[in-house]
Amino acid sequence: MKTLNYLNLNENKVANVVAALQNLLADFQVYYTNLRGFHWEIKGRGFFVLHEKFESMYDDAAAKVDEIAERILTLGGTPENKFSDYLKVARIQEVSGVTSSREAVENILETYKHFIVEERKLIELAEEANDVVTADLLTGYLKEQEKMIWMLVAFSTRSCENK
Ligand SMILES: [Fe+2]
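Note that this is a predicted model, so its numbers are computed, not measured.

Caption draft 1: Quick peek at the nonpolar core. Counting 49 residues, the largest nonpolar core has Phe28, Tyr31, Leu35, Phe54, Met57, Ile68 and Ile108 as the members making the most contacts within it. Mapped by element, the contributors of at least two residues to this core are α2 (11-41), α3 (47-74), α5 (101-128) and α6 (132-156). The dominant element in this core, judged by the number of residues it contributes, is α2, at 14 residues. Residues within four places of Phe54 in sequence aside, it is in contact with Leu35, Phe38, His39, Ile42, Ala104 and Ile108.

Right, dumping it as structure tokens:
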């Protein structure tokens, strides 16, 4: 039995959505491990704030990993779970040894910039496939990431720059 027979979605069009979700899953897994590193290695005056913040961000990334994987399954695909496979398709670079808050936040902002581009493309693919649920899921991610960009930019801006 195939889930797509019941979902009433076009198999060929949905295959494009599944392929793009697999890449997004790989990106989120690499992003997750990068955040773990930031949480562990951050140093300096912002430690207590950022150590906690990175934990809440990697928890959020882990939840999204699961949502993306289960959406792939719902659409009849099989999510990858091997990190060696993620690294073959991920467009996010692994990073380690980041101890400065500036470098960590810049890395996260660049990652979000990438996610936003890829998620907008994925929303178009999903809409072409009439897959409004995937489009809605990713629109929710975009909404959160756009707001987080505002907050990270505000965090990174020295107050004297606004005077
Ligand atoms: Fe911890």
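Caption draft 2: A look at the packing of aromatic side chains. Summed over the entire model, instances satisfying the criterion amount to nine aromatic pairs. Geometrically, the ring pair formed by Tyr31 and Phe115 is edge-to-face, given 5.4 Å between the ring centres and 80° between the ring planes. Linking Tyr31 in helix α2 with Phe115 in helix α5, this pair joins segments that are 84 residues apart in sequence. For the pair shown, Tyr31 and Phe115 are each scored as buried.

Caption draft 3: Representation of the pattern of salt bridges. As enumerated under the stated definition, the model contains eleven salt bridges in all. We note a salt bridge from Arg71 to Asp131, for which the minimum N-O separation is 2.8 Å. With Arg71 in helix α3 and Asp131 in the loop between α5 and α6, the pair connects residues that are 60 residues apart, well separated along the chain. Of the two residues, Arg71 and Asp131, both sit in the buried class. With its nearest N and O atoms 2.8 Å apart, the salt bridge here joins Arg120 to Glu146. Taken together, the positions of Arg120 in helix α5 and Glu146 in helix α6 put the pair 26 residues apart, joining distant regions of the chain. Classification of Arg120 as partly exposed rests on a relative accessible area of 44%. Shared partners join several salt bridges into a network, and the residues in it are Asp27, Arg91, Glu118 and Lys121.

Caption draft 4: Structural view of the packing of α5 against α6. For the pair α5 and α6, the least separation of the axes is 9 Å and the interaxial angle reads 160°. The pairing of α5 with α6 is recorded here as roughly antiparallel in orientation. The way α5 lies across α6 gives a crossing that is left-handed. In the contact of α5 with α6, the residues fall into 18 nonpolar, four polar and four charged.

Caption draft 5: Quick peek at the side chain of Lys64. Along the polypeptide, Lys64 turns up in helix α3. Side-chain polar atoms of Lys64 contact the side chain of Asp60, separated by 2.9 Å. Ignoring anything within four residues of it in the chain, the contact list for Lys64 reads Phe28, Tyr141 and Glu144.

The rules we used
Residues numbered from 1 in each chain as written. Predicted model: local features only at pLDDT ≥ 70, side-chain atom pairs only at ≥ 80, totals over all residues. Heavy atoms only, no water. Core = buried A, V, L, I, M, F, W, Y, C linked by side-chain atoms within 4.5 Å. Buried < 20%, exposed > 50% of the residue type's maximum accessible area, 1.4 Å probe, protein only. Helix = DSSP H or I, 4+ residues; strand = E, 2+ residues; numbered from the N terminus. Contact = heavy atoms within 4.5 Å. Phe/Tyr/Trp six-rings, centres within 6.5 Å; stacked < 30°, edge-to-face > 60°. Salt bridge = Lys/Arg side-chain N within 4 Å of Asp/Glu carboxyl O. Axes fitted to C-alpha atoms, helices over the stretch in contact; angles between N-to-C directions. Parallel < 35°, antiparallel > 145°, perpendicular 65-115°, else oblique. Left-handed = near helix turned anticlockwise from the far one by under 90°. Nonpolar A, V, L, I, M, F, W, Y, C, P; charged D, E, K, R; others polar. Polar contact = N/O pair within 3.5 Å; in protein donor to acceptor, adjacent residues only side chain to side chain.

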